[in-house]
Amino acid sequence: MATTLRDLDGKHLVLGLTGGIAAYKAAELTRRLQDHGATVQIVMTEAATHFITPVTMQALSGRPVFTSQWDDRSAGGISNNMAHINLSREADAIVVAPASADFMAKLVHGRCDDLLSTLCIARACPLLLAPAMNREMWANPATQRNVVQLRADGITLLGPASGDQACGEIGDGRMLEAHEILSELITFFQPKLLQGKQVLVTAGPTFEPIDPVRGITNLSSGKMGYAIAQAAHEAGARVTLVSGPTALAPPRGVSLIKVQTAQQMLAAVMAEVGQTDVFVSVAAVADWAVRNPLTQKIKKDDGAPPRLDFLANPDILASVANLASPPYCVGFAAETNDLDQNAETKRQKKNVPLLIGNLAQNALGADENELMLYSDAGITRLARADKLVLARQLVAVIAQALSKH
Ligand code: CTP
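Residues numbered from 1 in each chain as written. Predicted model: local features only at pLDDT ≥ 70, side-chain atom pairs only at ≥ 80, totals over all residues. Heavy atoms only, no water.

### Some remarks on the packing of helix α9 (residues 223-234) against helix α14 (residues 387-404)
Link 1 in the chain: Where α9 contacts α14, the axes come no closer than 8 Å and their chain directions differ by 50 degrees. Relative to α14, α9 is oriented oblique. Remark: the crossing between α9 and α14 carries right-handed chirality. Here K223, M224, A227, I228, Q230, A231, A232 and E234 of α9 lie close against α14, whose contacting residues are K387, L388, L390, A391, R392, L394 and V395.
Link 2 in the chain: Looking at the contact of α9 with α14 residue by residue, the class counts come to 10 nonpolar, 1 polar and 4 charged. (Axes fitted to C-alpha atoms, helices over the stretch in contact; angles between N-to-C directions. Helix = DSSP H or I, 4+ residues; strand = E, 2+ residues; numbered from the N terminus. Parallel < 35°, antiparallel > 145°, perpendicular 65-115°, else oblique. Left-handed = near helix turned anticlockwise from the far one by under 90°. Contact = heavy atoms within 4.5 Å. Nonpolar A, V, L, I, M, F, W, Y, C, P; charged D, E, K, R; others polar.)

### Re the site of the ligand
Link 1 in the chain: Taken together, 14 residues are adjacent to the ligand, and S281, A283, L317, F332 and K350 come closest.
Link 2 in the chain: D287 is positioned with one of its side-chain polar atoms (N or O) 3.2 Å from an oxygen atom of the ligand.
Link 3 in the chain: In isolation the ligand exposes 570 Å². Once the protein is present, 78% of that is buried.
Link 4 in the chain: Looking at the shell around the ligand, its residues break down into 7 nonpolar, 2 polar and 5 charged. (Near = heavy atom within 4 Å. Polar contact = N/O pair within 3.5 Å; in protein donor to acceptor, adjacent residues only side chain to side chain. Areas by Shrake-Rupley, 256 points an atom, 1.4 Å probe, with all protein chains shown as cover.)

### Digging into the environment of P131
Link 1 in the chain: Turning to its location among the elements, P131 is positioned in strand β4 (residues 127-131).
Link 2 in the chain: According to the relative accessible area criterion, P131 is buried, its value standing at 1%.
Link 3 in the chain: Between the alpha carbons of P131 and G378 there is a distance of 49 Å; along the sequence they are 247 residues apart.
Link 4 in the chain: Excluding residues within four positions of it along the chain, P131 makes contact with A99, M104, W138, L157, L158, G159, P160, G173, R174 and M175. (Buried < 20%, exposed > 50% of the residue type's maximum accessible area, 1.4 Å probe, protein only.)

### Brief notes about the pattern of salt bridges
Link 1 in the chain: Considering all chains together, one arrives at 22 salt bridges under this definition.
Link 2 in the chain: As a salt-bridge pair, R135 and E169 come within 3.1 Å of each other at their nearest N and O atoms. Within this pair, whereas R135 is found in helix α6 (residues 135-139), its partner E169 is found in the loop between β6 (161-164) and β7 (170-174), the two being separated by 34 residues in sequence.
Link 3 in the chain: Classification of R135 by relative accessible area gives partly exposed; the value is 32%.
Link 4 in the chain: Residue E368 pairs with R384 through a salt bridge whose shortest N-O separation is 3.4 Å. Highlighted residues: E368 in strand β18 (residues 368-375) and R384 in strand β19 (residues 378-386), separated in sequence by 16 residues.
Link 5 in the chain: On the basis of relative accessible area, R384 is assigned to the partly exposed category, the value being 43%.
Link 6 in the chain: Counted as one network, the salt bridges with shared partners bring together K106, R111, D113 and D114. (Salt bridge = Lys/Arg side-chain N within 4 Å of Asp/Glu carboxyl O.)

### Brief notes about α9
Link 1 in the chain: Its 12 residues give α9 an end-to-end C-alpha distance of 16 Å, which sits within 8% of 16 Å, the value for a rise of 1.5 Å per residue.
Link 2 in the chain: Of all 12 residues that make up α9, 9 are buried, and the element is covered over most of its length.
Link 3 in the chain: Directly beyond the C-terminal end of α9, a positive phi value near 100 degrees is found at G236. (Expected span 1.5 Å × (residues − 1).)

### Here's the deal with the domain arrangement of the chain
Link 1 in the chain: One can read the domain layout of the chain as domain 1 (12-189) and domain 2 (198-288 + 308-404).
Link 2 in the chain: Between the C-alpha centres of domain 1 and domain 2 there is a distance of 39 Å.
Link 3 in the chain: If you look at the interface, domain 1 gives 6 residues, while domain 2 gives 4 residues.
Link 4 in the chain: Interface area for domain 1 against domain 2, summed over the two sides, is near 420 Å², with a carbon-plus-sulfur share of 44%.
Link 5 in the chain: In this structure, the connection of domain 1 to domain 2 is made through 2 salt bridges.
Link 6 in the chain: Where E184 meets R252, a salt bridge forms, and the shortest distance between an N and an O atom there is 2.7 Å.
Link 7 in the chain: Inspection of the region where domain 1 meets domain 2 yields 1 residue pair in polar contact (both at pLDDT 80 or more).
Link 8 in the chain: In terms of residue class, the side of domain 1 that touches domain 2 is made up of 2 nonpolar, 2 polar and 2 charged. (Domains from an automatic or database assignment. Buried area = accessible area lost by both parts, 1.4 Å probe.)

Now the structure itself:
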């Protein structure tokens, strides 16, 4: 199983809860934030305490919970009876989840009639809200006006999602799940090295059909390509991921185009590449497709093994790299031997400025990898690490190269 990356190590968050049934998700969120290395200070409005108890939140966060602006306990290690100042001064961000329609309205007007609203208005750190309300409350023109104003004031809104609501209705206004808020927060804190850039990534194997129930594929899991798509999104890029069949969930915020064959992958890539600044070709594309795959299942009736005839697949990376004005192209090479020589030869042959080499026996299906980077500047090694950690390092290298491109 993949180890949890401590993506929020050293971060201190104030997690504010306002009154809403989604408050139960804040318990799970607290745990997940801590799993990722953050420390969490809970602040609740009086309404929130009707939905989940401060005792629960204290036990989970390991810190006393603050609910009142008249609470004279020491806050942030200071005993000046100014919790509304001290609690946010040590925070890297305030996250309010759930954020009720009422609380959002209050923030728009700068009202400070309880500890959490006062804390938000007196903050010196970023503020993120995860709205949670009935769909009619969300759609109400007053709420929508407030959303526009909150964004204009520099406040980040996470969600809401659409779906089943506690009231039995279905629509927009549902609070994001804890794991979704976590991933939004991790993204929030990553440096925006690719802000405004459009990145296209291919990932996974391709599947070349033989007949309706059989085909030729390979052992690529798609993990490295999905990690690069995620890292590029975290870095502020708009990301399209063209993926062959994998068992992976698409990274949040990335648009996914699912394909099966190399021909379909080429068509999807060519349809997207016009607006692309960076193309990262991670897919393990089958070199050959079966000529004329059968439309009916092959039967073994007469016992004779079928004879397959193959035709060469297009080279997607080379096709993109040889466009009149190609995006910045990054190729991958999975080799079993002579990595340096094979990778540099492949880089020249495919005409790409950056080629990432790895040993297939280390890479395929694993959560970790070790990468060698081949470019005009020579060879750089990225030491063995989780694929997402490597993907973030790679994004930094690509951003650096783009600035000179
Ligand atoms: N690639 C591609 N289209 C193909 C084959 C490969 O876009 N039809 C891309 C891969 O996504 C990868 C790079 O080309 O970025 C290297 O692919 P690889 O299959 O390792 O190289 P080949 O040129 O096929 O060489 P060989 O199989 O001989 O190692």
